[in-house]
Amino acid sequence: DGGITQSPKYLFRKEGQNVTLSCEQNLNHDAMYWYRQDPGQGLRLIYYSQIVNDFQKGDIAEGYSVSREKKESFPLTVTSAQKNPTAFYLCASSWALSSYEQYFGPGTRLTVT
Amino acid sequence: QQQVKQSPQSLIVQKGGIPIINCAYENTAFDYFPWYQQFPGKGPALLIAIRPDVSEKKEGRFTISFNKSAKQFSLHIMDSQPGDSATYFCAASMDSNYQLIWGAGTKLIIKP
């Protein structure tokens with residue numbers, strides 16, 4: 001059963017703590033993405049990766065970091081420098097950066113208090 | 001110029017009606033216009049997409065209408081069902097920059 005898994009579904013953290021969100025795909029896709037979704041807004045791109053060991057900043061990368069050590073994994077760290085981290089985070093993948101169709105995971109809802 | 005403006009923000013339609021969601025863009029370099037459907041607590045999923053060389057595309061009960069001169073495109077859902085209740089996002093992209101630019105979303109409720 002191919003797809004994208006994100007864990008955990010809900011995550012709670014205290015302000016000032018870093019937190020890492022997991023994203024794993026078994027679709028053999030080269031490209032992976034992280035988006036942030038806030039109520040009443042479209043998806044905003046945080047980071048994307050075209051291939052292993054390569055990643056690029058999206059529109060709202062400040063306060064976030066990523067790694068791409070394996071093709072199937074693209075974890076996102078929300079650092080304490082992110083001023084408003086509470087949001088719904090979505091991971092996606094596609095065959096290549098030039099492939100327009102993106103496949104999304106179920107998301108992680110992060111709450112920071 | 002990179003924005004995609006989506007309307008309405010929310011929409012309530014009776015079962016069997018035809019909800020219409022509209023999107024407008026400014027950048028004429030956009031050449032791919034997808035619609036994604038998102039159910040609560042889930043990630044979006046591609047519903048249907050169109051390129052500007054056609055004015056209409058149908059897939060089942062879902063139709064995209066595209067007006068290149070007006071720089072607008074819309075999603076129509078024929079014979080809408082309560083199971084179509086979801087948030088719908090339009091987006092746009094171009095070959096020179098594969099990043100998807102997303103509309104703000106429309107929360108659609110189909111009443112039984």
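First things first, this report covers the structure right here in the doc. Source: prediction; values computed, not measured. (Residues numbered from 1 in each chain as written. Chains lettered and ligands numbered in written order. Predicted model: local features only at pLDDT ≥ 70, side-chain atom pairs only at ≥ 80, totals over all residues. Heavy atoms only, no water.)

1. So, the overall build of chain A
In step 1: Looking only at helices and strands, chain A has 0 helices and 11 strands in total.
In step 2: What you see in chain A, going N to C, is helices and strands ordered as β-β-β-β-β-β-β-β-β-β-β.
In step 3: Taken over the C-alpha trace, chain A has a radius of gyration of 13 Å; the compact-globule value for 113 residues is 13 Å, and the two agree within 12%.
In step 4: Over its C-alpha atoms, taken along the principal directions, chain A stretches across nearly 35 × 30 × 25 Å.
In step 5: A buried classification covers 47% of the 113 residues belonging to chain A.
In step 6: When contacts within chain A are restricted to residue pairs at least 6 apart in sequence, those whose partners lie at least 24 apart make up 53%.
In step 7: With an accessible surface of roughly 5600 Å², chain A has 47% of that area assigned to carbon and sulfur atoms. (Helix = DSSP H or I, 4+ residues; strand = E, 2+ residues; numbered from the N terminus. Rg over C-alpha atoms; globule rule 2.2 N^0.38 Å. Buried < 20%, exposed > 50% of the residue type's maximum accessible area, 1.4 Å probe, protein only. Contact = heavy atoms within 4.5 Å. Areas by Shrake-Rupley, 256 points an atom, 1.4 Å probe, with all protein chains shown as cover.)

2. Observations concerning the environment of B:Trp102
In step 1: On the secondary structure map, B:Trp102 appears in strand β10 (residues 97-102).
In step 2: Remark: the alpha-carbon pair of B:Trp102 and B:Cys90, spanning 12 residues in sequence, is separated by 6.0 Å.
In step 3: Among all residues touching B:Trp102, those that are not within four sequence positions of it are A:Tyr35, A:Gly42, A:Leu43, A:Phe104, B:Val4, B:Tyr36, B:Phe89, B:Cys90 and B:Ala91.

3. Topic: the pairing of strand β5 (residues 45-50) of chain B
Residues and elements named next belong to chain B.
In step 1: In terms of strand pairing, strand β4 (residues 33-38) meets β5 through 5 bridges, oriented antiparallel. Note that in β5 the partner of Tyr36 across the bridge is Leu46.
In step 2: Here β4 folds back onto β5, and the loop between the two strands holds 6 residues, one of which, Gly41, carries a positive phi near 75°. (Pairing = 2+ DSSP bridges.)

4. Details of the state of the cysteines
All names here are of chain B.
In step 1: Per the stated rule, a full pass over the model turns up 2 disulfides over all chains.
In step 2: Paired by a disulfide, Cys23 and Cys90 hold their sulfur atoms 1.9 Å apart. Taking the sign of the S-S torsion, -95° for the link of Cys23 and Cys90, the bridge is left-handed. With Cys23 in strand β3 (residues 20-25) and Cys90 in strand β9 (residues 86-94), this residue pair connects regions lying 67 residues apart in the sequence.
In step 3: Judged by its relative accessible area of 2%, Cys23 falls in the buried class.
In step 4: A relative accessible area of 0% places Cys90 in the buried class. (Disulfide = S-S within 2.5 Å.)

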